Amino acid sequence: MTSKTQKTTIAKAKTIFSGFGGQGVLMMGYVLATSGMNENKHVTYLPSYGAEVRGGTANCTVTVSDEPIASPVASFPDSAVLMNTPSLIRFEGGVKSGGTVFLNSDLVDVRPKRRDIEVVSIPVNSIAGRLGSTRGANMVMIGALVQQTGLVSLKSVIQSVKSIFQKKGSKVHKMNTLAIKEGAAFVDALSGS
Amino acid sequence: MTSKTQKTTIAKAKTIFSGFGGQGVLMMGYVLATSGMNENKHVTYLPSYGAEVRGGTANCTVTVSDEPIASPVASFPDSAVLMNTPSLIRFEGGVKSGGTVFLNSDLVDVRPKRRDIEVVSIPVNSIAGRLGSTRGANMVMIGALVQQTGLVSLKSVIQSVKSIFQKKGSKVHKMNTLAIKEGAAFVDALSGS
Amino acid sequence: MAKQIFKRPEALKDAIFHYCPGCGHSIIHRLTAEVIDELGIRERTVGVPPAGCAVLAYNYFDVDMGEAPHGRALAVATGIKRARPDLIVFTYQGDGDIAAIGTAETIHAANRGERLTAIFVNNGVYGMTGGQMAPTTLIGQTTTTTQRGRAPLRDGYPLDLSQMLGVAAGSVYVARTSVTSPKSILKTKKAIKKAFQVQMNDLGFALVEILSQCPTNWKLSSVDSCKRIEEEVVKSYPLGVIKDTTGKGH
Amino acid sequence: MAKQIFKRPEALKDAIFHYCPGCGHSIIHRLTAEVIDELGIRERTVGVPPAGCAVLAYNYFDVDMGEAPHGRALAVATGIKRARPDLIVFTYQGDGDIAAIGTAETIHAANRGERLTAIFVNNGVYGMTGGQMAPTTLIGQTTTTTQRGRAPLRDGYPLDLSQMLGVAAGSVYVARTSVTSPKSILKTKKAIKKAFQVQMNDLGFALVEILSQCPTNWKLSSVDSCKRIEEEVVKSYPLGVIKDTTGKGH
Amino acid sequence: MAKQLMRGSHVIGEAATRAGCRFYAGYPITPQNEIPEYMSERFADLEDATFIQAESELAAINMVMGASMTGVRAMTSSSSPGISLKLEGISYIAGMELPAVIVNIMRGGPGLGNIAPSQQDYFQATRGGGHGGYRTIVLAPHSGQELVTLTMKAFDLADSYRTPVILLGDGLMGQMMEPVSFPDPIDPSKLPKKDWVLNGTKGRDTRLIASLHLDPVEMEQFNWKLARKYAAISEREAQHESYLLDGARFAVVAFGTAARIAKGAVNRAREAGLEVGLFRPVTLWPFPEKELRALTRTVKHILVFEMNLGQMLEDVKISVGEQASVHFHGRPGGVISTPHEVENVIKKLMYKYELDK
Amino acid sequence: MAKQLMRGSHVIGEAATRAGCRFYAGYPITPQNEIPEYMSERFADLEDATFIQAESELAAINMVMGASMTGVRAMTSSSSPGISLKLEGISYIAGMELPAVIVNIMRGGPGLGNIAPSQQDYFQATRGGGHGGYRTIVLAPHSGQELVTLTMKAFDLADSYRTPVILLGDGLMGQMMEPVSFPDPIDPSKLPKKDWVLNGTKGRDTRLIASLHLDPVEMEQFNWKLARKYAAISEREAQHESYLLDGARFAVVAFGTAARIAKGAVNRAREAGLEVGLFRPVTLWPFPEKELRALTRTVKHILVFEMNLGQMLEDVKISVGEQASVHFHGRPGGVISTPHEVENVIKKLMYKYELDK
Amino acid sequence: MKKGFIRIDKELCKGCGLCIAACPKGQIKIGNKLNIKGYHPAEYTEKEKSKKRKCTGCALCAITCPDIAIEVFHG
Amino acid sequence: MKKGFIRIDKELCKGCGLCIAACPKGQIKIGNKLNIKGYHPAEYTEKEKSKKRKCTGCALCAITCPDIAIEVFHG
Ligand SMILES: Cc1ncc(C[n+]2csc(CCOP(=O)(O)OP(=O)(O)O)c2C)c(N)n1
Ligand SMILES: Cc1ncc(C[n+]2csc(CCOP(=O)(O)OP(=O)(O)O)c2C)c(N)n1
Ligand code: SF4
Ligand code: SF4
Ligand code: SF4
Ligand code: SF4
Ligand code: SF4
Ligand code: SF4
Ligand SMILES: [Mg+2]
Ligand SMILES: [Mg+2]
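Residues numbered from 1 in each chain as written. Chains lettered and ligands numbered in written order. Predicted model: local features only at pLDDT ≥ 70, side-chain atom pairs only at ≥ 80, totals over all residues. Heavy atoms only, no water.

What follows concerns the site of ligand 1. Near ligand 1 you find 23 residues, and of these H25(C), C53(C), D95(C), G127(C) and E57(E) are the closest. Near ligand 1, the surrounding residues belong to chains C, E and F. G96(C) is positioned such that a nitrogen or oxygen atom in its backbone is 2.9 Å from an oxygen atom of ligand 1. The protein chains hide 100% of the 590 Å² of surface that ligand 1 would expose on its own. Contributing elements (two or more residues each) for the shell around ligand 1: α3 (95-101) and β6 (125-126) of chain C. Broken down by element, the residue count for the shell around ligand 1 peaks at 4 residues, all from α3(C). Taken together, the residues of the shell around ligand 1 break down into 11 nonpolar, 8 polar and 4 charged. (Near = heavy atom within 4 Å. Polar contact = N/O pair within 3.5 Å; in protein donor to acceptor, adjacent residues only side chain to side chain. Areas by Shrake-Rupley, 256 points an atom, 1.4 Å probe, with all protein chains shown as cover. Helix = DSSP H or I, 4+ residues; strand = E, 2+ residues; numbered from the N terminus. Nonpolar A, V, L, I, M, F, W, Y, C, P; charged D, E, K, R; others polar.)

This is the structure:
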């Protein structure tokens, strides 16, 4: 399951996930944190618990680390997974220099302005749509994220997703696994190119 | 108005007044305090503001002093005006050694036990009744108290009572004045005897 | 041989009431105790006394008692009853307690249908604190905070809490009585008994509002106080059963 | 020439509502603003927004506004109105706000007959805090604190606050409406207008309860949410005028 | 004006009225029932004044909040348990930067406690009590005449800093009668205009009075603003009385009723030849920290005397650090110490530390 | 038991249940809604457990009071404004000597403020908040796992001292997910019997649970009793964590979320070669005063770091007196400092006082 | 008509007069002595054993008495 | 029958669909584009100047629209 493009695991990494309410943004974070826990890493998952007010975007921050985690907050995340344009506008500035931005290129129609960050654009909606339903877009994205960053192994992501969606049965599991792998494959292709 | 039995004014004196609700106990204290104020003395008047519970006796503490008054409370009063038996039972013990107890002998049927205090027994109900109404008993008592202790002058007591009952008209004023004087006279007679 | 036919109920301790002469609280205490005796529930009853003239009710009732902050008796009682449904729990509350500061707790306990019995003593004033206006004070009535008489524009209208509780879905029995005469006293006792039975039968919330005399703060004799209730107070607070769905197999 | 016949009311600022798609709050905001426009009172109106989804109402209404702690809107409004009787003061409150934590303040403001207009948005849940049970939640309805459906024995019954306010002596106008269709929306507007007029005419307390959709927490589409109100909610909360004594020369 | 013999609670009511207070909302509770009673009657003759007996303390503080939004000088009063119920509202008032005067005639506690004089709410008053780290100015009168001056001052402070001010007394202060005299009443219409009140948008943009700051950055900025205000108050408004402190080698620190008793004790001790004086904080917050610390140049032993188990004690400790030894004498629950009792404590300590010769 | 990734609020709910808590009453408020939500569902499957969504925070705390009278382990939870509303009830619970656990997931303030993490209620929690000079034990968790242990400990402390215990967290503690593991649940019927509960007079005299003490002498005696209890708690229950304090020349003092961040800062500073450690009070009341003072034998500069404007600061000052210089860094209102920011404060201070070489 | 009599505990009685209003036979009156609490207790005006007494032992007085100061006997 | 037309502000619209249910003429539908907020705004299906259009300018859609996204014109 490892591949040539996978980076070596880093000691501590913070990832922000952001998008519209319906895009499964919090689930991505939860999956990453669960995978980290299953790999016996230290993890924290912090949702933005909103402004006690409706509307707007959802986001969460996940830290995966080999050591106890001090602050679960990420003013300067290592990676940002941005599922729509407002998320890009809001979070681009904070990404750590040298960090990575994962863009849902199906919905983000502007390009990041910064030149000191890596940008990975993935048409996750299209890919998921091709697999059967755009609802799997977040799974495509998490596959891509993990493949690119090596935060956790793809295997444990698939495992975590399986256990999280346990009740939904094997069909859903199959779909999710497919989506995750497609996301990973897309990144491989990118870096291969 | 002064008389031979009147004591010289003392620097600071605390008096406790106690009796049933209807006996005008708080009024006696108020009259003494007002008279003190009108004589430009320092005075405090402290009612027992009760136990947020009905029933029982009313009492208040008045301090008259030539100097600013620290505590308005009297653990050991110089004088105690006790209008009924429960009051005697409750307050006898606290009176300062050498102090004076003024008893409403019409209602108090036990004798004080202590030997180190002076006891002035006055049938204030009877005296007031003779003057027309037992409601004036408290006025008789205040006359007696002031005459005996010299805390303030009889004159200013009469003056204070007049202003306090201003609205009630001259008939009441006359009655009150009479009662006060009767009280004073009774004490004079006592000490004369 | 002379036979004693009226005596102190078991559920009252041997203490002398601290209430003023003629006060309705004393009568209502006795009635409640008599009911507890008759229902045989003394050993599993818990009372929740109020802040109010009856704050020391625990000196009289020979049952377990737990104090409540002013107005919160029905919330405290809810806690007791939910934790121990086998206990019979009653609150004893003044009009200020139950219908002013405690309005929300009262309405919601009733609306939840808590299995509780509330004794609501409406004497039209804040007795304990010296006779201020209560929510139930009549229009024009003078109190220490309405020295020129209660004026609706400034002071609002008399509040009919029981009527509102009649609207509450969880209330099963709501009645208004008085204790101004032997007859009304006996009626009150019946109502109190029923209010306990509603709880014993697990039907829902029950409350008896009792128009009660406060001679001290009304500045009337005890007898005139009773007259005032019979002639005036009942006009604003008519006696009778306000709600009774006990028959309806609730 | 094309003529514009429907546009934004003056009394609304040019801000985009933060409410969810299809939320009744948005409609009710607009209606209230339209009424303020039509009555020409924008420059002397003060609004008291709630804690609740409408906590930011002051971003929308183009009038002076003063925040209230959760549930206390009618107490705050009482303070404003008594101090400045020439102002027109309205509160805007959710069902949690007005009928749970604020029960006492609501009932007493009404019973005092405060010259206030209350807009009571009944959406059957605590919207802002994420969809917990409200006092108005229907029996069987699932919320985040009644995940198996509201069960009266544990969770109590739906509370009919407006009916209780009808009992309050100081209330003059109490009506229940909805905003599920153009027709009901227009009715609601009329009711709101009347509730302001009651205040302008110094008659007493007026309140409009509006059954309002919360698609987000009901987990229904906007259209289905409206249907739910029309078909289910009205059974527990029938629409109509609950009290109107404006004709009675109050 | 001539002196009048007046009950403390009435003095507060009259002083408030003369300070231009025109809105009062309250709920009965002993030992301060005479305040609402007085206001209900005093305001009945004033066209521009509102008295409301609220349905609860909660309602009362929120009515005061609303009234204050319109600019009127507004007051509420209660006693300990009732003040606890007002804390959410006081926090809001602080957060909305509204002026308001809150009277607490303390009683014994915790819980229902009793109605005897006590100083057990010092922490509550000086540390905000409610949530969110706000502060309230706290004034502690110790005589009838000071009830006049401090009540009136409370309104001025509240207005100038747009902040809630607590007048902290106890049952003794509220119930005792002393002769007092009043200054002429202030005409409220002559008070400085407030440019932030809610009074309709005619001819101007809308105004908003709120404590909500959804954005943490904004919230933080607001809190720093409050912090600056509190710093300014601390700098300017701390007030205390020095009583017989000249040449003293030992000082009692006490406030309110306790300070009265302490004065008696100090008098007695002075008569007995002991070099002792009293440092009486008049403002409890801001606490006269610098002034007390300055005292430690000459006084190395301090007795804190309170009618509680040691609350102001903490402020004294923080003030003097280790520049003086701090001792404590306290009685909770309404038993009022006698000057004699406190004198004995002074004597024992002065003997122990050889300050008596 | 295996680790689970769980939200802080749920951890509290689960830990309470496992501690034998069988009564919960609460009212929604962000950021702790997940506690009542969790309890409503968790208790639905337990025959002997009661969940009530109360009509208000006031009702909730009073329901807890009533439930506790019967002996059941009872809890309520809220966030800052809601806690203010509970203070009268907490004072009663303290005055009645009832056990109860109160969770405060603090938010920004004052007033409505915001829902971001904050530590602005330290004073309120540690100084009683309500009236009458009572105290509550205050526990301050700083991680998911500590939420488990301290929640469970809260119930034990509440029962053994018959006193309210506050679990003081913030939005971050409540909302963050971390892996946690739980001990086996306690069977409430196996807990030590309480001989003071209200459960009907069968076979015994009546019992009374009340806080009223009309007689001042009795009230005073009761308060002295409380004082003795509080002294015992202070003596026995103070708890803290020493983090990298061995050989430290500089110490940060921080609790809860701030302590987490401080750990990060200390780690970074240590990496940079600075001799700095963290003193983390786990109990805020009793404050680990002696332990902190002992630290001043070796550490002469202390940085207090809080998410407020300086509240625990006072306890630190009282503890260390003048044995060390006390510095402060704080941010109110929900902006969470980064470890980097705190590290910079540490560095500047250590440089200034020449502790960096 | 049954015969009865009552006993009034003069230290419990607070002299409120409600029993007087309640007695259909008019056999109770307020006395003029003060008791220890300062009240004028009510007095039963008949002799317990008098043949002519009107008291029926109806207990209306006792039912009304707030302070449970009245004991009622039949016979 | 009067003629009218409407304009929907696609950035104000949140795609709730209430206007669709309200329009007696069925002239509104949800589009499939996302707007900046991530909603699928409603679209008016007629041409403003079309002679055949059915819209009467009855404004029921606008009355219903929570977000005041619809302007209605006559003529
Ligand atoms: C929070 C709080 N507020 C106020 C009080 C003071 N207080 C005690 S009882 C009471 C009202 C008494 O009136 P009511 O409930 O009608 O009872 P009553 O004495 O008339 O029987 C009040 C205001 C209190 N104890 N606690
Ligand atoms: C004292 C207090 N308790 C709780 C809250 C949290 N809170 C804010 S709004 C709200 C209820 C919202 O429900 P509702 O009033 O029905 O308004 P909606 O959002 O449904 O329109 C709650 C519980 C608060 N802000 N203050
Ligand atoms: S004040 Fe009134 S209610 Fe209270 S005991 Fe006296 S008569 Fe009864
Ligand atoms: S949560 Fe419900 S009430 Fe709140 S804005 Fe959304 S739809 Fe409206
Ligand atoms: S028992 Fe009947 S008849 Fe006899 S005294 Fe009493 S009320 Fe009168
Ligand atoms: S009713 Fe009872 S208390 Fe009243 S006068 Fe008769 S015996 Fe005495
Ligand atoms: S104006 Fe009427 S007909 Fe035209 S689109 Fe709107 S609802 Fe349909
Ligand atoms: S009603 Fe308004 S917001 Fe909803 S879909 Fe139609 S135009 Fe859009
Ligand atoms: Mg009453
Ligand atoms: Mg709602």
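Once the structure has been displayed, the description carries forward.
This next bit is on the interface of chain F and chain E. Between chain F and chain E, the contact holds 61 residues from the first and 61 residues from the second. Interface of chain F and chain E: buried area, both sides summed, is about 4700 Å²; carbon and sulfur atoms make up 60% of it. The largest share of the area that chain F buries against chain E comes from P110(F), H131(F) and E322(F), three residues that together contribute 14% of it. At the boundary of chain F and chain E, one finds 8 salt bridges. Between E322(F) and R293(E) there is a salt bridge whose closest N-O contact spans 3.1 Å. The interface formed by chain F and chain E includes 35 residue pairs in polar contact (both at pLDDT 80 or more). Contributions of two or more residues to the side of chain F that touches chain E are made by α4 (80-95), α5 (122-126), α8 (216-237) and α11 (312-320) of chain F. Element by element, the count of residues in the side of chain F that touches chain E is highest for α4(F), at 10 residues. Classifying every residue of the side of chain F that touches chain E gives 25 nonpolar, 25 polar and 11 charged. (Contact = heavy atoms within 4.5 Å. Buried area = accessible area lost by both parts, 1.4 Å probe. Salt bridge = Lys/Arg side-chain N within 4 Å of Asp/Glu carboxyl O.)

We now examine the pattern of salt bridges. All names here are of chain E. Inspection of every chain in the model, using the stated rule, returns 103 salt bridges over all chains. For E241, the salt bridge identified is with K263, shortest N-O distance 3.1 Å. With E241 in strand β10 (residues 240-243) and K263 in helix α9 (residues 256-271), this residue pair connects regions lying 22 residues apart in the sequence.

Counting residues at the interface gives 25 residues for chain H, matched by 26 residues for chain D. Both sides together, the interface formed by chain H and chain D hides about 2100 Å², and carbon and sulfur atoms give 70% of it. If you look at where chain H meets chain D, you find 0 salt bridges. Here chain H and chain D share 8 residue pairs in polar contact (both at pLDDT 80 or more) between them. If you list the elements that add at least two residues to the side of chain H that touches chain D, you get α1 (18-22), α2 (60-64) and β4 (70-74) of chain H. Among the elements that take part in the side of chain H that touches chain D, β4(H) stands out by supplying 5 residues, more than any other.

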